[in-house]
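As a plain string of letters, each chain reads:
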Amino acid sequence: MHSLKSFSQLGLSQDALDAIEKKGFEEPTEIQKLVIPRMLSGIKDIVGQAQTGTGKTAAFGLPILEMVQCDKKVHALVLTPTRELAIQVSEELNSIKGSKNVSVVPIYGGQSIEEQFRRLKKGAEIIVGTPGRIIDHLKRKTIDLSLICVLVIDEADEMLNMGFIDEMEEILKHANPEKRTLMFSATMPERIMGTVKAYMKDYEVIKIRNNQMTTSLAEQIYFEVREEDKVEALCRIIDYEDDFYGLIFCRTKRDVDLLATRLLDRGYDVEGLHGDISQAQREKILDKFKKKHINILVASDVAARGLDVFNISHVINFSLPQDPESYVHRIGRTGRAGRKGTAVTFVTPYEYRKMFFIKKISKARITKADIPGVEEVIKMKFKRIQKELENAIRNYEDSDYSEWACDLVKKYGAEKTIGSLLKMTYFEKLDSSVYADIGVKKPGGATSENYIDNQGTARLFISVGKKDGFTPRKLVQMLTKKVKIRGNRIEEVEVFENFSFVTVPFSSAEEVIKKFSMQIKGRKASARRATARNK
């Protein structure tokens, strides 16, 4: 099974393969290689033990989409511990369903239950939901699990940690006994294994090896940038550096071609590399890059494998990698041969949670940085030109140009002559108008670079709840007291019996986590990012 190297070998339909290609996945992850064929051809339940971020949603999602009928009845249920994960799984399933007319409905607390009623009444083949809200619908008889063919429990250990294990087992009791069950968990504590043995009679355990991920010598930074501003931000980074020699990663073959073309149009020495390029052409491109005839190589993950190139100054994640392991593989190409390079990652407002997940799992020290401003870029360009000119002047020897220079100076004066030559030679390089603005408009019309819009938030899990005497108001008051954040910037406050959730500005999340450490009723309380997995 491990020898399978392409999605076409896994037994998927052409429609699914087309959706995968459009999505930009070039080859399956290990868990996808193991789970997809078993789901399509086998009858056993599956227990998958794997680190998060291994592509699990596609591993169970692609076979489910192949199996379900388009008849507006519920055929599959995916249970997730948090609403963030429910939303992410739903979005991922919708992105890989291709032309199949399947309805995927997310069901979670905090969302209008009346709106959920309306969506369910229209019909849904796949439901993705959190345990509490699914049980609410079961009690109201607005969800019927008697016909489901697949039930997926995602992040089972998180279910246990968050106190949802009883709800999870209650849902299993209501589901069709003839269904297939898949359970995914990074760890397998005793309580989880007890659930497996009680509700999954004939099951197969799949364990994905936990590769030790180590980051390179690279300095790792990320920039907050809108999707439409990425090319502009990239150009500034390239122009700001003294001697940029970099590898830029894109998600799909189309993205590689598009970015390489846009950089060529702006005058950069660049080539693109992806899976559709012939071996002969690949070798030519790599030879040019190794000899520094080009200083920029845009590539997809698969095309970049096996690159034997040293002394790269930058690896840039123009597109966020699919999982933490891909991130580590990418940035491992800089910081080689004892030289410290820089790994840069672009993060859009919609990708913050995924970025934090990659950071957590890879144990990478990725720090936020500001995109260089136009004035900074022009200043750095000027310094380089000044240095080059001074070297040229110092090394100048009498030549055919000397007499010409003397005539021009005598006729127009030294300052006017040199100034005109400098302007003629370097005007385009030092013209700030070639750079476009980066940022979005704030309310009122002002523009600010790197401004985070209202999507730039982080969802936090806090280990205090009603039993500790907290209400939403008291929790907000405590946070505003401990952290420099206004109360109206803390949103979606949910206080449960043993824990709570809050949504805060992305820029405040680290401070909340750092400062929310205290003793409450004899136990240590803490805050962390709510579970949000890379699927």
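Scroll up to find the structure.
Residues numbered from 1 in each chain as written. Predicted model: local features only at pLDDT ≥ 70, side-chain atom pairs only at ≥ 80, totals over all residues. Heavy atoms only, no water.

Q: Just checking my understanding: could you explain the pairing of strand β9 (residues 246-249) for this structure?
A: Put simply, side chains in a regular strand alternate between the two faces of the sheet. Burial along β9 is two-sided: G246 and I248 and L247 and F249, pointing in opposite directions, are all buried. Relative to strand β12 (residues 314-317), β9 is paired through four bridges, and the arrangement is parallel. What sits directly across from I248, in β12, is I316. As judged from the four bridges shared by β9 and strand β11 (residues 296-299), these two strands associate in the parallel manner. When the sheet's bridge partners are listed, L247 is paired in β11 with L297. (Buried < 20%, exposed > 50% of the residue type's maximum accessible area, 1.4 Å probe, protein only. Helix = DSSP H or I, 4+ residues; strand = E, 2+ residues; numbered from the N terminus. Pairing = 2+ DSSP bridges.)

Q: What exactly am I supposed to notice about a nonpolar patch on the surface here?
A: Residues Y396, Y401 and W404 make up a contiguous nonpolar surface patch of about 420 Å² in total accessible area. You can see Y401 is positioned in helix α17 (residues 401-412). The exposure class assigned to Y401 is exposed, which follows from its relative accessible area of 56%. (Patch = residues over 30% accessible without salt bridge, like charges linked within 9 Å, V, L, I, M, F, W, Y side chains within 5 Å. Areas by Shrake-Rupley, 256 points an atom, 1.4 Å probe, with all protein chains shown as cover. Salt bridge = Lys/Arg side-chain N within 4 Å of Asp/Glu carboxyl O.)

Q: What should I look at first to understand the sheet that holds β11 in this one?
A: Backbone-to-backbone hydrogen bonds pair the strands of a sheet. The strands run either parallel or antiparallel. Strand order across the open sheet formed by seven strands is β10-β11-β9-β12-β13-β8-β14, with parallel pairing between neighbours. In this open sheet, the two edge strands, each paired with only one partner strand, are β10 (270-273) and β14 (366-368). In this sheet, neighbouring strand axes are inclined to one another by 20 degrees on average, regardless of whether the strands run parallel or antiparallel. Of the strands in this sheet, β9, β10 and β11 touch helix α11 (residues 253-265), which is tilted by about 175 degrees from β10. (Axes fitted to C-alpha atoms, helices over the stretch in contact; angles between N-to-C directions. Contact = heavy atoms within 4.5 Å.)

Q: Help me understand the side chain of Q116, please; the structure alone is not making it clear to me.
A: By the element assignment, Q116 lies in helix α5 (residues 113-122). Looking at Q116, the relative accessible area reads 1%, which means it is buried. Not counting residues up to four positions away in its chain, the partners in contact with Q116 are I107, Y108, Q111, R133 and H137.

Q: Before we go on, may I ask you to explain helix α1 (residues 14-23) in this structure?
A: A turn of α-helix holds 3.6 residues, and therefore any two residues three or four places apart point the same way. Turning to α1, its buried residues are A16, L17, A19 and I20. Projected onto a plane normal to the axis of α1, the buried residues spread over an arc of 160 degrees and lie on a single side. Away from its buried face, by an angle of more than 90 degrees, α1 presents the exposed residues Q14, E21 and K22. Against α3 (56-67) and α4 (83-96) lie the buried residues of α1. (Arc of directions from axis to C-beta.)

Q: Is there a simple way to explain the sheet that holds strand β2 (residues 76-79) in this structure?
A: Spatial strand order, β3-β4-β2-β5-β6-β1-β7: seven strands in an open sheet with parallel pairing. This sheet does not close on itself; its edge strands, each paired only once, are β3 (104-107) and β7 (203-207). In this sheet, adjacent strand axes meet at a mean angle of 15 degrees when their direction is disregarded. Packing of helix α2 (residues 30-41) onto the sheet brings it into contact with β1 (45-49), β5 (150-153), β6 (180-185) and β7, and relative to β6 it is tilted by some 170 degrees.

Q: I keep staring at the nonpolar core and nothing clicks. Help me out?
A: When a protein is soluble and globular, its nonpolar side chains tend to lie buried together. In terms of nonpolar packing, the biggest core is built from 39 residues, with V35, F60, I64, I126 and L182 touching the most fellow members. Only α1, α2, α3, β2, α4, β4 (126-129), β5 and β6 provide two or more residues apiece to this core. Ranked by the residues each element gives to this core, the list is headed by α3, at six residues. Ignoring anything within four residues of it in the chain, the contact list for L182 reads V35, M39, I46, F60, V150, L151, V152 and I153. In this structure, I127, L138, I148 and M188 belong to the second largest nonpolar core, which totals 35 residues. (Core = buried A, V, L, I, M, F, W, Y, C linked by side-chain atoms within 4.5 Å.)

Q: How should I be thinking about the pairing of β3 in this particular structure?
A: The side-chain alternation of β3 yields two buried faces, one formed by V104 and P106 and the other by V105 and I107. You can see the chain leave β3, run along α5 and come back into β4, and the turn it takes is right-handed. (Right-handed = clockwise from strand over helix to strand, strands pointing away.)

Q: Sorry if this is basic, but what is going on with the packing of helix α10 (residues 230-240) against helix α16 (residues 374-394) here?
A: When two helices pack together, their arrangement is given by the angle between the helix axes and the distance between those axes. Running from N to C, α10 and α16 point in directions that differ by 30 degrees, and their axes come no closer than 9 Å. The orientation of α10 relative to α16 falls into the category roughly parallel. Along this stretch, α10 crosses α16, giving a crossing that reads as left-handed. For the pair formed by α10 and α16, the contact residues are R236, D239 and Y240 on the first element and V374, E376, V377, M380, K381 and R384 on the second. Grouping the amino acids of the contact of α10 with α16 by side-chain chemistry returns four nonpolar, no polar and five charged. (Parallel < 35°, antiparallel > 145°, perpendicular 65-115°, else oblique. Left-handed = near helix turned anticlockwise from the far one by under 90°. Nonpolar A, V, L, I, M, F, W, Y, C, P; charged D, E, K, R; others polar.)

Q: What's the story with unusual backbone geometry in this structure? I'm lost.
A: Although it is not a glycine, K141 sits at a positive phi angle of roughly 60 degrees. Following the sequence through the fold, K141 ends up in the loop between α6 (131-140) and β5. Assessed through its relative accessible area of 74%, K141 is described here as exposed. Of note in the backbone geometry, K292 takes a positive phi value of approximately 60 degrees without being a glycine. Tracing the sequence through the fold places K292 in the loop between α12 (279-290) and β11. Among the residues examined, K292 registers a relative accessible area of 46% and is labelled partly exposed.

Q: Where do I start with the environment of I126 in this structure?
A: Tracing the backbone shows I126 in strand β4. Dropping the residues within four chain positions of it, I126 is found in contact with I64, L65, V68, A76, L93, V102, S103, V104 and V105.

Q: I would appreciate a short explanation of the packing of α6 against helix α8 (residues 165-174) in the present structure.
A: One way to put it is that α6 packs onto α8 with a least axis distance of 9 Å and a crossing angle of 40 degrees. Here α6 lies oblique to α8, going by the angle between them. Crossing angle aside, the handedness with which α6 passes α8 is left-handed. Listed contacts from α8 to P131, I134, I135 and L138 of α6 are E167, E170, I171 and H174. For the contact of α6 with α8, the class distribution of residues is five nonpolar, one polar and two charged.

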